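Chain residues, written in single-letter form:
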Amino acid sequence: MVAMPGLMLLDTPSLYYRAFYGIPESMTAPDGMPVNAVRGVIDMIAMLVRRHSPAELVACMDADWRPAFRVAAIPTYKTHRVAEGGAEETPDTLAPQVPVIERVLDAVGIALVGVPGYEADDVMGTFTARASGQVDVVTGDRDLFQLVDDSRPVRILYTARGVKNLQLVDEAAVTEKYGVPGRSYADFATLRGDPSDGLPGVPGVGDKTAAALITRFGSLEALLRAVDGGGGSGDLTAGQRAKLSAARDYLRVAPGVVQVARDAPLPEVGIALPAKPRDPEALAALSERYGLSGPLERLTSAL
């Protein structure tokens with residue numbers, strides 16, 4: 001995996017969930033508070049900086065984990081993750097760690113960006129759209145494969161096997177795995193659906209059929225024109241036409257849910273990788289309070 005200076009975008013929620021479930025809760029602060037997710041995120045960032053030396057780094061956050069515009073389009077969107085009171089269901093010992101992660105990253109000087117009304121995915125999508133050079137997106141969420149673009153280049157550093165064993169996902173990797181290019185991944189995912197996000201997909205259309213249809217017609221838009229009797233309609237079997245027609249209402253709104261935003265109103269913020277901590281005193285206090293000396297030494301050394 002070739003390391004090239006550029007913009008690195010962190011799917012921060014993806015990273016802290018991975019750290020939380022990958023590191024024992026017996027890793028605690030002096031007062032006994034679990035800090036496994038905090039320590040894990042710090043060490044992950046240190047490793048990423050050492051290995052990839054990004055010129056710019058942004059920790060992207062969910063300012064709204066279930067945006068109103070997506071729920072309005074598909075009411076089942078992420079409903080299975082809704083806790084009492086409408087908040088996201090989060091493990092009791094993880095929730096208190098998230099503000100600590102934010103305070104640590106702020107003291108280090110790493111840009112922490114969330115946009116009201118948008119998910120971290122949308123923040124990453126918008127930074128990617130605005131970038132002029134290489135972009136590396138660090139995530140365990142395959143939905144972000146839609147950002148892959150060899151021509152720019154934009155690639156995914158996929159954490160499914162852990163940060164120590166990152167998988168580089170480029171156009172060839174998406175095509176090999178799913179049978180469609182990265183730019184078509186959102187259309188493919190719309191047809192297939194995703195139960196983990198409450199997206200039903202088209203009943204009876206799985207991965208292979210979705211890939212074949214998108215490959216044959218080039219895009220979901222062209223496929224829907226064929227369903228409605230436009231050009232290329234003869235390439236659909238009677239069964240495919242029936243399934244797609246029955247799901248027409250879903251297919252009309254789903255792209256706006258599946259596709260990440262490219263136009264979220266990002267704040268003006270410096271995103272250059274800091275050479276040293278922005279607030280050493282605050283960082284020292286956090287280190288002592290939460291027992292983070294080892295991970296923070298590794299991160300500041302990497303910077």
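Residues numbered from 1 in each chain as written. Predicted model: local features only at pLDDT ≥ 70, side-chain atom pairs only at ≥ 80, totals over all residues. Heavy atoms only, no water.

Some details on the nonpolar core
By size, the foremost hydrophobic cluster in this structure holds 60 residues, and its most contacted members are Leu-9, Phe-127, Leu-191, Leu-244 and Leu-251. With 6 residues, helix 9 (residues 220-227) is the largest single contributor of residues to this core. Among the nonpolar cores identified, the runner-up in size contains 43 residues, and Ile-42, Ala-46, Val-163 and Leu-286 belong to it. (Core = buried A, V, L, I, M, F, W, Y, C linked by side-chain atoms within 4.5 Å. Buried < 20%, exposed > 50% of the residue type's maximum accessible area, 1.4 Å probe, protein only. Helix = DSSP H or I, 4+ residues; strand = E, 2+ residues; numbered from the N terminus.)

Some thoughts on the packing of helix 1 (residues 12-22) against helix 2 (residues 36-52)
Put simply, helix 1 and helix 2 touch, their axes get as near as 8 Å, and they point 120° apart. With respect to each other, helix 1 and helix 2 are oriented oblique. Relative to helix 2, the crossing made by helix 1 is right-handed. Here Leu-15, Tyr-16, Arg-18, Ala-19 and Phe-20 of helix 1 lie close against helix 2, whose contacting residues are Asn-36, Ala-37, Gly-40, Val-41 and Met-44. (Axes fitted to C-alpha atoms, helices over the stretch in contact; angles between N-to-C directions. Parallel < 35°, antiparallel > 145°, perpendicular 65-115°, else oblique. Left-handed = near helix turned anticlockwise from the far one by under 90°. Contact = heavy atoms within 4.5 Å.)

With respect to helix 1
Along helix 1, the residues classified as buried are Thr-12, Pro-13, Ser-14, Leu-15, Tyr-16, Ala-19 and Phe-20. Along its buried surface, helix 1 packs onto strand 1 (7-11), helix 2, strand 2 (56-60), helix 4 (97-108), helix 5 (120-130) and strand 4 (135-139).

Brief notes about the side chain of Ser-287
Within the secondary structure, Ser-287 sits in helix 12 (residues 280-290). Judged by its relative accessible area of 15%, Ser-287 falls in the buried class. Excluding its chain neighbours within four sequence positions, the residues that come into contact with Ser-287 are Leu-292, Ser-293 and Leu-296.

Overview of the environment of Arg-81
One can find Arg-81 in the loop between helix 3 (68-73) and helix 4. Between the C-alpha atom of Arg-81 and that of Gly-198, which follows or precedes it by 117 residues, the distance is 9.4 Å. Not counting the four nearest positions on each side in its chain, Arg-81 is found in contact with Trp-65, Ala-87, Glu-88, Glu-89, Ser-196 and Asp-197. Among the polar contacts made by the side chain of Arg-81, one reaches the main-chain carbonyl oxygen of Ser-196 at a distance of 2.9 Å. (Polar contact = N/O pair within 3.5 Å; in protein donor to acceptor, adjacent residues only side chain to side chain.)

Keep in mind that these numbers describe shape and distance, not what the molecule does.
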